[in-house]
Amino acid sequence: MPASDLSRTVRLAQCLSGHLHNLQQAMDSPIWFANIHIYQCPLAWSVFNGVGLYIEQAYDLSLNRPYRQRALHFFEEEGQLRIQNYALHNPDSYTGAGRDLSMLKSLTATDIEILPGCLSGVEETDTGFRGESIGKGCRVVRKGRETYSFIQFEVTETKFQSLDRGLDPETDEMVWGSKMGPFQFDKKESFAHLVPTGPDWVAPELPKPEKKTVADTSDRVISI
Ligand code: CYC
């Protein structure tokens, strides 16, 4: 099937899916950017009755202790492309799923809960997609302060750029997030072929889990 025949939700999830990291940015600006890995892993169609990804974000030096695990649902509403964020009831049981996708076979709709207001609107660009938060409803309490999450992102098949900030609901002043602009992620491995395209889609065989030791380009060997 030509790519253009696939629905926009499927193509957006395909662009986002994979193992990404910002090693180049972390080497260029080590003071401002840590090296972070994001695993954006396709979920079975049955979880949302549609397209979804499981997300795991972790610092390179603590891959086994991710700081954010979520699920995202991609859908269209009145012709508009949307992403709704979900939390996991028991994130620990899925830790490491980014490196062993077979762990996600047991994830069902009962394992997740909606994060009210954590919704983005997305539009197509010449090379991929661009999106940002809708409204101020995605409340995040950080350092004792109530903020709302305001995200902006752009994605192509090989790059994902995201600016993730917490703003004061009254003044829109930035309370947390990157002061040095967006994180720039490069795709190390794509999971696009694992994004289900409809309810009758049959999953291909899963790749074997990554080895237990990862070497990065700075010649360090990290045990994970
Ligand atoms: C929070 N990151 C969030 C939230 C959203 C996103 C919506 C608020 C809701 C939540 O807690 O999940 C991001 N959601 C997205 C993006 C998309 C989406 C980008 C489009 C695909 O649907 N975030 C980064 C950095 C890292 C970071 C790499 C800085 C270290 O992009 C951290 N984001 C981060 C953290 C939180 C967050 C730590 C949770 C804040 C908290 O609960 O304290």
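Visitor: Run through the overall build of the protein chain, naming residues and quoting values.
Guide: A count of helical and extended segments in the protein chain gives three helices and 14 strands. A globule of 224 residues ought to have a C-alpha radius of gyration of about 17 Å, and the protein chain, at 17 Å, matches this closely. Along the first, second and third principal axes, the C-alpha set of the protein chain runs to 50 × 45 × 35 Å. In the protein chain, which comprises 224 residues, the share counted as buried stands at 47%. Considering only contacts in the protein chain between residues 6 or more positions apart, those separated by 24 or more positions represent 50%. As displayed, the protein chain offers around 12,100 Å² of accessible surface, 50% of which is attributable to carbon and sulfur atoms. Counting 23 positive and 30 negative side-chain charges, the protein chain places the averaged centre of each group 5 Å from the other.

Visitor: I'd love a proper account of the environment of Y54, names of residues and values included.
Guide: With respect to the secondary-structure elements, Y54 resides in strand β3 (residues 51–59). Through-space distance from the C-alpha of Y54 to that of R70 is 5.9 Å; in sequence the pair is 16 residues apart.

Visitor: Let's hear about the environment of T108: which residues, and what values?
Guide: With respect to the element layout, T108 can be found in the loop between β5 (80–88) and β6 (112–124). A polar atom in the side chain of T108 sits 2.8 Å from the side chain of T110.

Visitor: Lay out the packing of aromatic side chains with the relevant residues and their values.
Guide: Inspection of the entire model under this criterion finds seven aromatic pairs. Put simply, the rings of F33, F153, F160, F183 and F185 touch in pairs and so form one group of aromatic residues.

Visitor: Would you mind going over the site of the ligand in detail, with residue names and values included?
Guide: The local shell around the ligand holds 23 residues, among which R68, R70, N85, R142 and D164 are the closest. One of the side-chain nitrogen or oxygen atoms of R70 is found 2.6 Å away from an oxygen atom of the ligand. In the model, a nitrogen atom of the ligand is placed 2.5 Å from a nitrogen or oxygen of the D164 side chain. Secondary structure elements with two or more residues in the shell around the ligand: β3, β4 (68–77), β5, β6, β8 (139–142), β9 (145–155), β10 (159–167) and β12 (183–189). Split into classes, the residues belonging to the shell around the ligand amount to 15 nonpolar, four polar and four charged.

Rules and cut-offs
- Residues numbered from 1 in each chain as written.
- Predicted model: local features only at pLDDT ≥ 70, side-chain atom pairs only at ≥ 80, totals over all residues.
- Heavy atoms only, no water.
- Helix = DSSP H or I, 4+ residues; strand = E, 2+ residues; numbered from the N terminus.
- Rg over C-alpha atoms; globule rule 2.2 N^0.38 Å.
- Buried < 20%, exposed > 50% of the residue type's maximum accessible area, 1.4 Å probe, protein only.
- Contact = heavy atoms within 4.5 Å.
- Areas by Shrake-Rupley, 256 points an atom, 1.4 Å probe, with all protein chains shown as cover.
- Lys, Arg positive; Asp, Glu negative; His and termini not counted.
- Charge placed at Lys NZ, Arg CZ, Asp CG, Glu CD.
- Polar contact = N/O pair within 3.5 Å; in protein donor to acceptor, adjacent residues only side chain to side chain.
- Phe/Tyr/Trp six-rings, centres within 6.5 Å; stacked < 30°, edge-to-face > 60°.
- Near = heavy atom within 4 Å.
- Nonpolar A, V, L, I, M, F, W, Y, C, P; charged D, E, K, R; others polar.

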